[in-house]
Structures are given as C-alpha cells and as structure tokens.
Amino acid sequence: MDNPFAAKDFVTLKGIKRTDLELIFETALEMEKIVEKRTRADLLHDKVLGVAFFQVSTRTRMSFESAMLRLGGGIVGFADPKTTRSGDYYSESLQDVMHMMNGYADAIVIRHPQSGAPAEAATVAEVPVINAGDGYNEHPTQAVQDVYTMLKVKGSIDGLKVALVGDQNMRVMHSLPLALAQYNTHVYFVSPKDQAMPQPWLAEFTKVGLSFEQRIDLEGILSDLDVIYLMGTKTPSYSEGRTEVMLERPQTPQPYIINREKINRAKKSIIVMHPLPRVDELPVDVDSMDAAFYFKQANNGVAVRMAILSLIFGR
Amino acid sequence: MDNPFAAKDFVTLKGIKRTDLELIFETALEMEKIVEKRTRADLLHDKVLGVAFFQVSTRTRMSFESAMLRLGGGIVGFADPKTTRSGDYYSESLQDVMHMMNGYADAIVIRHPQSGAPAEAATVAEVPVINAGDGYNEHPTQAVQDVYTMLKVKGSIDGLKVALVGDQNMRVMHSLPLALAQYNTHVYFVSPKDQAMPQPWLAEFTKVGLSFEQRIDLEGILSDLDVIYLMGTKTPSYSEGRTEVMLERPQTPQPYIINREKINRAKKSIIVMHPLPRVDELPVDVDSMDAAFYFKQANNGVAVRMAILSLIFGR
Amino acid sequence: MDNPFAAKDFVTLKGIKRTDLELIFETALEMEKIVEKRTRADLLHDKVLGVAFFQVSTRTRMSFESAMLRLGGGIVGFADPKTTRSGDYYSESLQDVMHMMNGYADAIVIRHPQSGAPAEAATVAEVPVINAGDGYNEHPTQAVQDVYTMLKVKGSIDGLKVALVGDQNMRVMHSLPLALAQYNTHVYFVSPKDQAMPQPWLAEFTKVGLSFEQRIDLEGILSDLDVIYLMGTKTPSYSEGRTEVMLERPQTPQPYIINREKINRAKKSIIVMHPLPRVDELPVDVDSMDAAFYFKQANNGVAVRMAILSLIFGR
C-alpha cells in the first residue's frame, strides 16, 4: 500500500486525507494485537526516538515511549526542559536543540508551549518531526487517536454528531475537526462566548468542508449527539508555561459540566470522551457509566502512536 | 514450583509466608548470577515496566530499572511527578494516572507520599502493582532485600536477634518485622519515646507472631545482637513531600548513632545495615569495618527486584 | 590491537597518548557507519550504562545515551539530581551514590559541578567511571569529539593553528589542549585578562609539550588560524550550580564575538567550532557559512562516545 507518511514530518492535520487516516487506523488495528498481548515487536529495534518535551505531559509522552518500546526501539530525550540547557541560563534556542537531536535520534517527538514550534523544528531537523502538541495550535496524534476511538466504538465515523465542549482555544479542539472533516459528520463547538473557536480556525474548517455550528450550551442538541468530546473551560494558559500553583481555580460553569444527569438525558448509545487530565468538568461518578470512554481513549494512544511511528519509519 | 506471585500485586508483606519469601530468595540467588556476570537476560524482553515515582528515590527506582533492564525489559514512566500532570495545575488523581498507565505498561512500580496509595492504585490497574514505598506505611521490596542480605551473610535467619534503631514511623520499620516474623527471630524496636513503633503496627506484629520488645537505647542488648538495622531519627515528614532545604537539621541523639566504638563493643559477627540514605546516625568511618553491610545491602536490591519482577510476570 | 581503555576509568586527558587518541578515532570512524545508517548494533546489548548528571546537560547526556542505545545497551540513572536523594534533605554524598550505582550499572557516566568529583567517584566505583564534565576542571570526551571533528574536516591535526576564544576557566578549555598537545599544533588562548588560562593549567600544558601563547584578542593572528574554538565569556559559575534566572546578562565584548565579518577576514578554509550552547558570542547568521562546524561537531559526539564506550567495555 502507498505510505504517504514514510520519512515525513507529522506536525499538522491540515491537508490530511481520509485515506491517510484509514491507513493509520488499519495499521493501529494490527498494532493493537501487540498491545493486547502485552508483548513487544521488533519492527523498530534498530531505531532511536527522540522525545523533546518543552512542556509537561503524562499521556502523550508515556504513550509515545510505550509505543516505541513495544516496537522494540530505544528512547532518548527529556521530559522536562529544566534538565537541559533550554531550561537554564542559556535558554538554548529550539533550532540549536533540534540541530543536535537530529544527530541523536531517528525521529523527534516534540511538545512545545509555542504554536508552530514543531513546524519550525521540522525545518531544522532532517529526521521526521512529530508534533505532540504545540501551544494553542494543534495536537494531531491526539486527534487521530480520538477518531480511532470513535471508529472502534461506533463502527463508523460517517453520520456522527459530535459536540466539542469546553475552551475552543485548546489545541485538541483544532486538530480533531480537521480529522472529522474527512468524514460525513456534524460538529458542534460548545463553549462560553469568550472561549469560542477562533475565527482563523473556523475559516480553516470551512475550507476543508466541515459541517459545523457554534453553541453556548447543549440546549436542544443533547438528545441528538453521538459523541461528547469534553475539555475544561478556562484552562491555564499554555503560553505562560507550567502553572504549578493556581490560587483560585474557577469552577466550571454548569453548561460545560457533563455529569450523570446529562448523560442520562442523551442517547443511550452516546459516548463521552476527554483527552484528560480533567478537573471538575467531568465528575468521577461518570467513570462507571457505559458512556465513559476516556480511559479507553487514553489507552488507544499506544496502538495509534505505534501505527504513526511505524508508518513514518516506513515499516 | 507453585508461584503465588504470578500476575499478583505486591503491595504489602501482611500475609506473606515463609515459603513465599524462600521462593523469592531462591530466585534472587539465580538472578544474582546475571548481576555478577554484569550481563542481561531475555526473560522479560517482551515486557514494559511502568515506574510512577510520586516521591523522589535513588536506590529503589534505579534498582528496579536496573533489574528490568537486566531482564531485557523496557521502562516507561516518571521519576518526578512535576514532569507530569499530577505535578501541575491539574493535580491529576492517582486513579486517573493508573487508568492510563495500565494501558502503557505491563506492571507498575509506584512510590507515593500517601500511605495506601499503591493499594488504591491496585484497585484501578489491571496489571500488577508493586509498592516501592508508601508514606509511613510499608516498603515491602526493601524488606525482602534486607532479609535476603541477612540470609546471605548469616546463612540463616532463624535465631537472629535484630535491633531496628531509629524512627519507628518509617515505612521500612514496618515491612521488615513482617518478614522477620516468618522466622524464629527476636526483634528490638529501639527509638526515642516520641518515635516509638505505632500501636497498630505493634498489634499487627503480635498477630503474625513476632517476638519483639521496645527499647529506648541499646543498653544491655548490644552484646547480644546479630544485626543492627539503622535509620535516622526525626527524618523529614513524608506526607509533607520533598523537603529541599532544612534550615536546622537536628543532630541525632547519641543512643541512635551507631559508630565504631559501639560496633567494637558488639559481637564480632554483628552486621550493620541501613536502607540509606544516611545522615549523621551512621558515620562514614564505619564503612571500612567488617560489620558494614549497607552497600552490599543496597546492591542486593537488583537481584531481589529481578526475582520479584520475574515471579510477578510468571517467568 | 592493544586497548588501553579496557575496564579503565576515563576521567582526564592528562597522560593521554597520541596512539590512544588514534585508537578512539579509528573506532569512531567504524561507529559512524552505524550512526549514518541510523541503525543499532548489538555490541553492548548485555550492558547497562549508569548516567549520573549532578548538573544539567543536553548534548553530553543525550549523546551518551544515544551512543549506548545505538550499541544495543540499556541506561539507568538521572538527568537531574533533584529527582534523587542527593538533591533533597539528605544531600546524599557522592561516595554513597557511587557505592550504589556501582551495583546497578556496568559503567558510570558522571557530570558534577565540583572539580574532581569523577576522579573521587572512580575511587569508590569498581566499574569504569567516565567524566562527562566536572566543574572548572575537565571535559575529556568533549575534547576527544572536538579533535575528531578537526581530523574529519582537516584530514590531519598536525600543523593546525587553533585559537581557543572565550573564558579560559571553562572545563573544555583544559581538556582540548591536552589532546592537541599530542599533535604538532599551535594553540592561542584568547580571552579577557580576568578570564585568562589559570596558571596551573599553563604549567600542565608546558609539561605535556604544548606549543601555545596567550592573547587578549585575535589581532594579528586571525588570518593564520585554521580553527577557531569558541566559548562564551563570563559564563555562569559552575560551582554555584544551575543559574535559572540571570537578571542582567552582560554582552560579550566585541573581541570575543565571532561573526560573519571576522570569518570573512580569516582563511577561506577556517572552521569555527563551539561546544554549545551559545549565547551572543556566535551569532546565528554564521550558521549558514561554510566555516560553521559546530552542529557537525555536536553530532560527532555520538560516534565518539560509542567508540569510548565500546573500548572501555573491551569490545
């Protein structure tokens, strides 16, 4: 099969095709067998993956690392820029770090608080660069994993009505619609007015033919939804970097909390997804409901990232 | 041989049997050959170990990682919760982290400042959970390694008189007697009155048939001892987390310092153990004495953890 | 061939011989084939490398780790002492950490803010200890990588005129001349007077027969140079540890900035090297010049460290 990912960067879902997504999903289904057997393959035993996390991560970094290990590969890099010269006095530039890591690794996964940093890194590094989340821009591998989760649960993406609930500035909110646009879906962007989807992204979604509308709550649409994709509102600013202490955490306004009561009013088959971590927008008593798919969604990250890695390495 | 550890959690030594300990020790003796040849086996080449250190560690984390590497396995996780979403604004819950890591790793080693966290984690994770130290509760793998060290040096545990000297609130002080209770030993808990063994632990030790007594110093027993197991007094509170700067470190009171002079007054065959790190309770000029076994004790951590891992993985 | 590195520590270039360097270079040329194919060998598949970074690093740590992975080995250790008991309340001693790591790894790479720490570590650890930079003392593997870079570009070291520009207290400035002294070179130490080469190092260089002179600028020598090896001036004090915020960073004085204009006045074949990270002493518009070899220099770190590791492990 033609592999459009071989030796390429993976920094955006702009321009992604349905066939591209399908190729990843087919590969991920194969990879899932390895994950479910809890074993390791040798597919990338000869490769070293660089991980450059200029911003903290739990799921994304660990699932990439787990994916690389399950493919037999090795990992070099950092989980915290403070352990590097980027985080000290030198404030070493992204470009200089990438020139270096290009020599140390065969592909580089980068998370960065600044939008566009992975694309910038890709102009420097000769090896493939994978965007693991950049500022308020994109988080393409998360979106692929999310659509994969919908596909696994629903059997098909076509026909789905999906509500993206929460702060529409967040990067996952941008990559996911780009993927959904390749299918026959309808997407609701549900948020407070001051956290609405930014205009340039609305223009982008129109350009790729996404069917969508903006809402300030789930009023009148809840019973039609197949998927609620939830994030927090007023999440901390990425561009300010890590916020270790937040003195007064605002409570999430009621319309953006998805609790048992709302789920019980929705379709019986509805699924609730969340990229995690969560705060109060998703109470823990939802975890035991049939609709709760966010932990499965998180775990799908390994098979999907195995697929993306193996495709990028042309295996 | 029957393997009671296969696919099981390892979070406490409550309920441990002598035959269980002996199985670990026999396995560790085999593993020690690999360590001594400084080579790697392939026993767990297909497995990924998750390490979740919510509290700093040197020996325990590294010896688990070294053990996993020497068995051919891979490692994913974190040495510092600040590099994860548990350590930032989100204060992601232990449960959510475990739901996630369950998908990324085939067993999870967890250290946590809160007592009971590994047991709690084990209720969430389907994969085996190993307690690498939880608050003021237990540190079971350390205790196994400690008894293994006694066995290697003394040839037998039965008949040993062991003094546990220092703050009896510390977790190692609780796991070790649970293991020693499976043998014919006599244990002295030696500490200042305000750092005496907590009542619930005394009840626990009585329940498992441990022969023990409490003391405020070594007066009258020093010459009878076979093993001095030493820890500091007034060690920093685990529940307060990492204490980076301590303005006025109190000096250890004389009765709880084990120096050359005291060791010279003890049996010629006495051995001094310490889980490390140490402060002033164990002066460095003891290192050159024949009685000093704490570095050997630390190094035994690799073979013992290899044994525990291989047994848990049923290999 | 005789291998003088087998099972030995590698903590200083004092006493290094030309034939020793040549052996590393020949081995590195072989290793470069593995790096260039972006593959992994199995040479050290049975070994575990300990990395003990008591001071932050980007290039050195990652290139050692990449080197070990490309040789098939495993890695255990820490990139930040704050994740260990050395960085907390206990301030665990270097000796105690080394006693421990000696049991966990088959060789130990150590970076430390204190001069002489790796040599001290080597007296404790039975396994080989490799100095990855100690305070203001030495950085031997960096120097070997630097001379290797010169050799690759120039074809020969003999006859080269090399200017070491910047703060002469820095550790790279000490190891590099020790290596260059084994060849027929002439070295200029170019720095502000208050950052001149310390007298004990001048004595050391005289002892090993280095041809050198001290300068306060490049006046009168620029057109003769074959290599400019650049570092910053007034770089932060190593002994003060990591300096996360520097309120007023002084600008590098003009004589110690190497810009396009100066390079254009030098020999057409001149090469500019820098151990990185850089600040303003090396403007980024130099990167596109033919003379810029610092990224290649950084990347050579992997092959050279693979060579050093394989020689130390006697493979």
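Residues numbered from 1 in each chain as written. Chains lettered and ligands numbered in written order. Predicted model: local features only at pLDDT ≥ 70, side-chain atom pairs only at ≥ 80, totals over all residues. Heavy atoms only, no water.

Engineer: A description of the overall build of chain A should follow, citing residues and the corresponding values.
Structural biologist: Within chain A one finds nine helices and nine strands. The C-alpha radius of gyration computed for chain A amounts to 19 Å, which stays within 12% of the reference 20 Å derived for 315 residues, consistent with globular compactness. If one aligns the C-alpha atoms of chain A with their principal axes, the spans along those axes are about 55 × 45 × 40 Å. Within chain A, the proportion of its 315 residues that are buried is 65%. A total accessible area of about 11,000 Å² is found for chain A, and carbon and sulfur atoms account for 50% of it. One finds the centroid of the 34 positive side-chain charges in chain A at a distance of 4 Å from the centroid of its 39 negative side-chain charges. (Helix = DSSP H or I, 4+ residues; strand = E, 2+ residues; numbered from the N terminus. Rg over C-alpha atoms; globule rule 2.2 N^0.38 Å. Buried < 20%, exposed > 50% of the residue type's maximum accessible area, 1.4 Å probe, protein only. Areas by Shrake-Rupley, 256 points an atom, 1.4 Å probe, with all protein chains shown as cover. Lys, Arg positive; Asp, Glu negative; His and termini not counted. Charge placed at Lys NZ, Arg CZ, Asp CG, Glu CD.)

Engineer: Describe the sheet that holds strand β1 (residues 48–53) of chain C, with residues and values.
Structural biologist: Sheet strands line up and pair through hydrogen bonds in the backbone, either parallel or antiparallel. Pairing in this open sheet of four strands is parallel, and the strands run β2-β1-β3-β4 (chain C) from one edge to the other. Two strands in the sheet have a free side with no partner beyond their single neighbour: β2 (74–78) and β4 (129–134) of chain C. Geometrically, the sheet is characterised by an average inter-axis angle of 15° between neighbouring strands, direction not taken into account. Relative to the sheet, helix α2 (residues 59–70) of chain B contacts β1 and β2 of chain C, its axis offset from that of β2 of chain C by approximately 180°. Helix-sheet contacts for helix α2 (residues 59–70) of chain C involve β1, β2, β3 (107–112) and β4 of chain C, and the interaxial angle to β1 of chain C is about 175°. (Pairing = 2+ DSSP bridges. Axes fitted to C-alpha atoms, helices over the stretch in contact; angles between N-to-C directions. Contact = heavy atoms within 4.5 Å.)

Engineer: Outline the packing of aromatic side chains, supporting the account with residue identities and numerical values.
Structural biologist: Throughout the structure, instances matching the rule amount to 24 aromatic pairs over all chains. Between Phe 5 of chain B and Phe 10 of chain B the ring centres are 5.9 Å apart and the planes differ by 55°, which places this aromatic pair in the tilted class. Phe 10 of chain B matches Phe 5 of chain B in its accessibility class, with the two residues each being buried. Seen from their ring centres, Phe 189 of chain C and Phe 212 of chain C are 5.5 Å apart, and the 40° between their planes marks the pair as tilted. Here Phe 212 of chain C lies in strand β7 (residues 211–215) and Phe 189 of chain C lies in strand β6 (residues 186–190), a separation of 23 residues in the sequence. On the basis of relative accessible area, Phe 189 of chain C is assigned to the buried category, the value being 1%. Judged by its relative accessible area of 22%, Phe 212 of chain C falls in the partly exposed class. Among the aromatic side chains, those forming a connected cluster through ring pairs are Phe 189, Trp 201, Phe 205 and Phe 212 of chain A. Across from the ring centre of Phe 64 of chain C, 5.0 Å away, lies the NZ or CZ of Arg 305 of chain C, which sits over that ring. (Phe/Tyr/Trp six-rings, centres within 6.5 Å; stacked < 30°, edge-to-face > 60°. Lys NZ or Arg CZ within 6 Å of the ring centre and 35° of its normal.)

Engineer: Let's hear about the environment of Lys 268 of chain A: which residues, and what values?
Structural biologist: All names here are of chain A. Of note, Lys 268 is situated in the loop between α8 (260–265) and β9 (271–273). Judged by relative accessible area, Lys 268 falls into the exposed class, the value being 88%. With 67 residues separating them in the primary sequence, Lys 268 and Trp 201 have C-alpha atoms 32 Å apart.

Engineer: How would you explain unusual backbone geometry if you had to name every residue and give the values?
Structural biologist: Residues and elements named next belong to chain B. Omega for the peptide link from Leu 276 to Pro 277 comes to 5°, which places this bond in the cis form. Within the secondary structure layout, Pro 277 lies in the loop between β9 (271–273) and α9 (294–312). Residue Ala 7 is not a glycine yet carries a positive backbone phi of 60°. Here Ala 7 lies in the segment before α1 (18–36). Its relative accessible area of 59% is what places Ala 7 among the exposed residues.

Engineer: Tell me about the sheet that holds strand β6 (residues 186–190) of chain B, and please be specific about residues and values.
Structural biologist: Residue and element names in this part refer to chain B. The sheet built from five strands is open, its strands ordered β7-β6-β5-β8-β9 with parallel pairing. Two strands lie at the open edges of the sheet, namely β7 (211–215) and β9, each paired on one side alone. Sheet twist, expressed as the mean angle between neighbouring strand axes with direction ignored, is 20°. Here strand β8 (residues 227–230) runs beside β9; their pairing, made up of three bridges, is parallel. Directly across from Tyr 229, in β9, lies its bridge partner Met 273. Packed onto the sheet, helix α5 (residues 140–154) meets β5 (161–165), β8 and β9 and runs at close to 165° relative to β9.

Engineer: Run through helix α3 (residues 94–104) of chain C, naming residues and quoting values.
Structural biologist: Burial analysis of α3 of chain C places nine of its eleven residues in the buried class, the great majority of the element. Every buried residue of α3 of chain C is listed here: Leu 94, Asp 96, Val 97, Met 98, Met 100, Met 101, Asn 102, Gly 103 and Tyr 104 of chain C.

Engineer: Account for the environment of Ser 66 of chain C, with residues named and values stated.
Structural biologist: Along the chain, Ser 66 of chain C falls in helix α2. Ser 66 of chain C sits 237 residues away from Ala 303 of chain C along the chain, and the two C-alpha atoms are 9.4 Å apart. Discounting residues that sit within four places of it in the chain, Ser 66 of chain C has contacts with Val 76 and Tyr 104 of chain A together with Val 302 of chain C.

Engineer: Explain the pattern of salt bridges residue by residue, including any values.
Structural biologist: All chains considered together, the criterion is met by 45 salt bridges over all chains. Here Asp 106 of chain B ties to Arg 38 of chain A by a salt bridge, and the two come within 3.1 Å at their closest N and O atoms. Separated into two different chains, Asp 106 of chain B in the loop between α3 (94–104) and β3 (107–112) and Arg 38 of chain A in the loop between α1 (18–36) and β1 (48–53) make up a pair that spans both. The class for Arg 38 of chain A is partly exposed, based on a relative accessible area of 22%. Each member of the salt-bridge network shares a partner with another, and the members are Arg 18, Glu 22 and Asp 158 of chain A. (Salt bridge = Lys/Arg side-chain N within 4 Å of Asp/Glu carboxyl O.)

Engineer: Got a sec to walk through the side chain of Arg 59 of chain C? Specific residues and values, please.
Structural biologist: Here Arg 59 of chain C lies in helix α2. Residue classification places Arg 59 of chain C among the buried positions, given a relative accessible area of 7%. Setting aside its immediate chain neighbours within four residues, Arg 59 of chain C contacts Glu 92, Met 100 and Tyr 104 of chain A together with Pro 275, Leu 276, Pro 277 and Ala 298 of chain C.

By themselves, these are just geometric observations and shouldn't be taken as functional.
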